[in-house]
Amino acid sequence: MTTHDSESTSFLYPFIDSEETDAQSLLDDLAASARGKAAESARLQKESLDEYGDGLTAAGIDMADRFRRGGRLYTFGNGGSSTDAATLASLFSRPARGRPVAAWSLAADQAVVTALGNDVGFDLIFKRQIIAHARDRDVAIALSTSGNSDDLMTALTEAKQRGLLTIGFAGHEGGRMAAMASAGELDFCYTVHSQSIHRIQESHAMLGYRLWSVAQEHMARPAPNSVEAS
């Protein structure tokens with residue numbers, strides 16, 4: 001690693017940058033750092049579950065009712081949140097246990113995403129897919145560590161107008177997602193109050209799992225009047 005590279009990445013590798021020569025001391029520092037990050041992640045996850053417990057239950061029940069009527073789940077995000085969105089869709093569509101439901105990550109099809117980005121603009125890559133595929137019984141979940149991504153906001157607005165259940169996972173102070181929820185333009189918004197992208201995404205994963213768990217529990221109960229709509 002060159003001196004320039006070391007300086008530009010020193011914030012990522014503080015223990016290497018400190019030029020520690022005692023191997024045991026370095027290992028102790030690394031272990032302490034890992035424990036600190038794990039503790040912070042656990043704290044944030046607990047605080048988020050405590051803050052949004054009722055909202056997660058309400059959203060999970062609504063999702064289950066929509067799935068019973070043939071509803072589908074669409075998830076979307078950018079960068080690392082796109083990966084999280086794909087994982088969430090997979091949890092619903094291919095669960096290790098319970099009932100699978102139709103679920104897609106809208107960033108999964110590279111041909112569709114690149115075609116829309118090239119032809120109509122990146123801000124519309126998710127909105128156009130909502131227009132093409134979504135029905136009023138469906139669910140849309142957007143994940144963003146900032147809560148401000150234009151392509152997510154336009155898709156959520158379109159989904160809400162079409163009658164979908166709309167859910168946003170945000171970070172920091174919630175950004176535009178939180179403002180949309182306050183204005184009644186987003187059904188549910190779960191903001192993880194942290195400045196760390198890594199810790200936010202870890203809590204998003206826990207919140208998504210909680211939604212899945214509630215939906216599964218509700219779908220396992222007898223349907224109203226013992227009849228599920230096709």
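Keep in mind that what you see is a predicted model, and the values were worked out from it rather than measured. (Residues numbered from 1 in each chain as written. Predicted model: local features only at pLDDT ≥ 70, side-chain atom pairs only at ≥ 80, totals over all residues. Heavy atoms only, no water.)

**Regarding the pairing of strand β4 (residues 165–171)**
Our working rule: Throughout, exposure labels follow a simple rule: accessible area from a 1.4 Å probe, protein chains only, divided by the maximum for the residue type, with under 20% read as buried, over 50% as exposed, and the rest as partly exposed. Only DSSP runs of H or I with at least four residues qualify as helices, and only runs of E with at least two residues qualify as strands; both kinds are numbered from the N terminus onward. Strands qualify as paired when DSSP identifies two bridges or more between them. Call a crossover right-handed when, viewed with both strands pointing away from you, the route from the first strand across the helix to the second goes clockwise.
Buried residues dominate β4, accounting for 7 of its 7 residues. Burial of β4 is two-sided: the residues L165, I167, F169 and G171 facing one way and the residues T166, G168 and A170 facing the other way are all buried. For strand β3 (residues 139–143) and β4, the ladder comprises 5 bridges, and the chain directions are parallel. Bridge pairing links I141 to I167 in β4. Note that the unit made of β3, helix α7 (residues 150–161) and β4 has a crossover that is right-handed. Handedness of the crossover is the feature at issue here: the chain leaves β4, passes through helix α8 (residues 175–182), returns alongside strand β5 (residues 188–192), and the resulting connection is right-handed.

**Looking at unusual backbone geometry**
Positioned with a positive phi, H172 is a non-glycine residue whose angle comes to about 55°. Mapping H172 onto the fold places it in the loop between β4 and α8. Classification of H172 by relative accessible area gives partly exposed; the value is 21%.

**Observations regarding the environment of A86**
As a reminder, the rule being used: Here, residues are in contact when the closest pair of their heavy atoms is within 4.5 Å.
Tracing the chain through its elements places A86 in helix α4 (residues 80–93). We classify A86 as partly exposed; its relative accessible area is 34%. The spatial distance from the C-alpha of A86 to the C-alpha of Y74 is 9.5 Å, given a sequence separation of 12 residues. In this view, A86 contacts T75 and S105; residues no more than four positions away in its chain are not counted.

**Thoughts on α7**
Note the threshold: Working rule for helices: expected span equals 1.5 Å times residues minus one.
The end-to-end C-alpha separation of α7 is 17 Å, in line with the 16 Å expected for 12 residues at 1.5 Å each. Looking at α7, one finds that the buried residues are D151, L152, M153, A155, L156, E158 and A159. Residues of α7 that are buried in the fold lie against β1 (73–77), α6 (127–133), β3, β4 and α8. After α7 finishes, the residue G163 shows a positive phi value of roughly 90°.

**A closer look at the environment of E217**
Of note, E217 is situated in helix α9 (residues 197–219). Separated by 118 residues in the primary sequence, E217 and R99 place their C-alpha atoms 9.7 Å from one another.

**Regarding the nonpolar core**
Condition: We define the nonpolar core as a collection of buried residues of types Ala, Val, Leu, Ile, Met, Phe, Trp, Tyr and Cys that are connected through side-chain atoms lying within 4.5 Å of one another.
Counting residues in each nonpolar core, the largest one holds 29 residues, and the members touching the most others are M63, F92, I141, I167, Y190 and L211. Among the secondary structure elements, those contributing two or more residues to this core are α3 (23–68), α4, β3, β4, β5 and α9. In terms of residues, this core owes the most to one element, α3, which gives 7 residues. The contact partners of I141, leaving out residues within four places of it in the chain, are M63, L73, Y74, T75, F76, L88, I167, F169 and L211. With 22 residues, the next largest nonpolar core counts V113, F126, M180 and L186 among its residues.

**Brief notes about the pattern of salt bridges**
Using the following cut-off: Every case where a carboxyl oxygen of Asp or Glu lies within 4 Å of a side-chain nitrogen of Lys or Arg is listed as a salt bridge.
This model, assessed by the stated rule, comprises 11 salt bridges. The salt bridge partner of D138 is R135, with a shortest N-O separation of 3.5 Å. Its relative accessible area of 0% is what places D138 among the buried residues. For R135, a relative accessible area of 30% corresponds to the partly exposed category. Among the ionic pairs, R199 bridges to E202, the shortest N-O distance being 2.9 Å. A residue pair is termed a helical-turn pair when its members lie 3 or 4 positions apart in one helix, as R199 and E202 do in helix α9 at 3 residues.

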